[in-house]
Amino acid sequence: MTVPVHSKLPDVGTTIFTVMSKMAQDHGAINLSQGFPDFEPDQRLLDRVIHHLAHGKNQYPPMTGVPELRQAIAGKFRLEGGLEVDPESEITITSGATEALLCAIHAVVRPGDEVIVFDPAYDSYEPAVTLSGGRTIHVPLALPDYRIDWDALAGVLNDRTRLVIINSPHNPTATTLASGDLDRLAEQIRPFDCRVLSDEVYEHIVFDGGRHHSVVDNPELRERSFAVFSFGKTYHATGWKIGYCVAPADLTVEFRKVHQYNVFTTVTPMQWALADFVREAPENYRELSAFYQVKRDYFRERMEPSRFSFLPSAGTYFQLADYSAISDLPDMEFAEWITQEKGVAVIPLSPFYRDPPDTRIIRFCFAKQDETLARAAEILCAL
Ligand code: PMP
Ligand code: GLN
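Just so it is clear, the model here is predicted, and its values are computed rather than measured. (Residues numbered from 1 in each chain as written. Chains lettered and ligands numbered in written order. Predicted model: local features only at pLDDT ≥ 70, side-chain atom pairs only at ≥ 80, totals over all residues. Heavy atoms only, no water.)

Colleague: Hey, could you run me through helix H7 (residues 179–189) in this one?
Modeller: Because each turn of an α-helix spans 3.6 residues, side chains separated by three or four positions in sequence point in the same direction. Every buried residue of H7 is accounted for by Asp181, Leu182, Leu185, Ala186, Gln188 and Ile189. In a view along the axis of H7, the buried residues occupy a sector of 170 degrees, so they form one face of it. (Buried < 20%, exposed > 50% of the residue type's maximum accessible area, 1.4 Å probe, protein only. Helix = DSSP H or I, 4+ residues; strand = E, 2+ residues; numbered from the N terminus. Arc of directions from axis to C-beta.)

Colleague: Whenever I open this one, the packing of helix H4 (residues 96–108) against helix H10 (residues 249–262) confuses me. Can you help?
Modeller: For any two helices packed against each other, the geometry is given by the interaxial angle and the distance between the axes. For the pair H4 and H10, interaxial distance at closest approach is 8 Å and the crossing angle is 120 degrees. Taken together, the axes of H4 and H10 are oblique relative to one another. The crossing of H4 and H10 is right-handed. In this structure, H4 uses Glu99, Ala100, Leu102, Cys103, Ala104, His106, Ala107 and Val108 to contact H10, whose residues at the interface are Leu251, Glu254, Phe255, Val258, His259 and Asn262. (Axes fitted to C-alpha atoms, helices over the stretch in contact; angles between N-to-C directions. Parallel < 35°, antiparallel > 145°, perpendicular 65-115°, else oblique. Left-handed = near helix turned anticlockwise from the far one by under 90°. Contact = heavy atoms within 4.5 Å.)

Colleague: Explain H10 to me, please; I cannot follow it from the model alone.
Modeller: Between the first and last C-alpha of H10 there are 20 Å, a value that for 14 residues agrees with the 20 Å anticipated at 1.5 Å per step. Of the positions making up H10, those classed as buried are Leu251, Thr252, Phe255, Arg256, Val258 and His259. Tucked into the core, H10 has its buried residues touching strand S2 (91–94), H4, strand S6 (195–199), strand S7 (225–230) and strand S8 (243–246). Where H10 ends, the next residue or the one after it, Phe264, has phi of about 70 degrees, a positive value. (Expected span 1.5 Å × (residues − 1).)

Colleague: I would appreciate a short explanation of the sheet that holds strand S10 (residues 318–322) in the present structure.
Modeller: In a beta sheet, neighbouring strands are held together by backbone hydrogen bonds and run either parallel or antiparallel to one another. Within the open sheet, the 4 strands sit side by side as S9-S10-S13-S12. Their pairing is antiparallel. Each edge of the open sheet carries a strand with a single partner, namely strand S9 (309–310) and strand S12 (347–348). (Pairing = 2+ DSSP bridges.)

Colleague: Would you explain the sheet that holds strand S5 (residues 161–167) in this entry?
Modeller: Ordered in space as S2-S8-S7-S6-S5-S3-S4, the 7 strands form an open sheet in which the pairing is mixed. Each edge of the open sheet carries a strand with a single partner, namely S2 and strand S4 (135–140). Averaged over all adjacent pairs, the angle separating strand axes in this sheet is 20 degrees, with direction ignored. Here strand S3 (residues 114–119) runs beside S4; their pairing, made up of 6 bridges, is parallel. Pairing of Asp119 across the sheet is with Pro140, part of S4. Of the strands in this sheet, S2, S7 and S8 touch helix H3 (residues 67–81), which is tilted by about 120 degrees from S2.

Colleague: When you look at the site of ligand 2 in this model, what are you seeing that I'm missing?
Modeller: Around ligand 2, the neighbouring residues are Phe17, Gln34, Gly35, Tyr122, Asn171, Lys233, Phe318 and Arg363. Interatomic distance of 3.2 Å between a side-chain N/O atom of Tyr122 and a nitrogen atom of ligand 2. At 2.7 Å from an oxygen atom of ligand 2 is found a side-chain nitrogen or oxygen belonging to Arg363. Surface burial for ligand 2 is 81%, taken as the share of its 300 Å² of free accessible area covered by protein chains. (Near = heavy atom within 4 Å. Polar contact = N/O pair within 3.5 Å; in protein donor to acceptor, adjacent residues only side chain to side chain. Areas by Shrake-Rupley, 256 points an atom, 1.4 Å probe, with all protein chains shown as cover.)

Colleague: Please explain the site of ligand 1 as it appears in this structure.
Modeller: Near ligand 1 you find 13 residues, and of these Thr98, Asp199, Tyr202, Lys233 and Lys241 are the closest. Between Ser230 and ligand 1, the recorded distance is 2.7 Å, taken from a side-chain N or O atom to an oxygen atom. For ligand 1, the accessible surface in isolation is 390 Å², of which the surrounding protein chains cover 92%. Among the elements that line the shell around ligand 1, the one with the most residues is H4, at 4 residues. Among the residues making up the shell around ligand 1, the classes are represented as 5 nonpolar, 5 polar and 3 charged. (Nonpolar A, V, L, I, M, F, W, Y, C, P; charged D, E, K, R; others polar.)

Structure below.
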């Protein structure tokens, strides 16, 4: 007799990033879908990894992460924003931002609790909420510019709301939150026993002179928030899967209870290398916005003659484009067609929604060498 599997995540399939990257590979397409650079991290950072591999940094680090790395992160907060963050009680190193998101959700969400996400929402949030027994409440970002609809938020906040998840700079829409947005959020959740989970993995990729606004900078939100960061985005090393969570001491205690029985800790030599690099090369993350702005502008310029219509990209390494002048296909079918028939892989937006709107918009990743972007643009301009 076969024993049936009672799925805890019956609606979950394989992530759209894996689906599209595999399709790109199977069809030899240029991959502008899954978000990762097609160039290498800084050689000095790689040299630090090699150094620590060869010098005994190969056993378990502390559960909370290598102290030198936590201190380097605290030093960065002090240097960049004059903020005091305690490396002992407020910073935990994780296996990527993904693990930090999961730990934060499990730390505070109980069965029956409600968690608010703004659609389109990064795809790992909802499964983590479901596994913790919570219910995800989807609030659509207002079209056409993907702003938070504060009235809609007010309409869903209630005594069961345990967490609001925000993400700025935002994947997939490439929008950013202003400091006024954080003030507004703080004000609206004030009456509730509700926390904020702030996904800030693209903190160092903000364009056109804008600056990143973190919940850590907002005194009221800081008291109730988990802020999640990723070294993968900042140092062109998405495969290292190292991130961190900043949260007040009481929340960090609960966060670490999940983290220690999830992965316990994360890879040692990379943590040491990152500790060196964060301290020794601040220009590296300070120059990241300018680096990606040049790429964004290069891609947009090359795409000028195309029939795609580009939406603003204020941050992240993503660019949304409306393809309605080219095709009437729904976005998933369009993404399949353009990957399989034309040789450029992209990401459709509908997988990021509970109720996808009737739009014809796809996401390009421009974290690529100029040559890759130029080849892709040549194909896309012929559509
Ligand atoms: N949040 C967002 C918005 C992301 O785009 C990503 C990654 N691509 C993550 C979290 C996960 O980051 P990591 O790879 O460090 O787990
Ligand atoms: N965050 C990356 C993106 O948006 C993908 C991460 C993943 O593949 N899980 O493309």
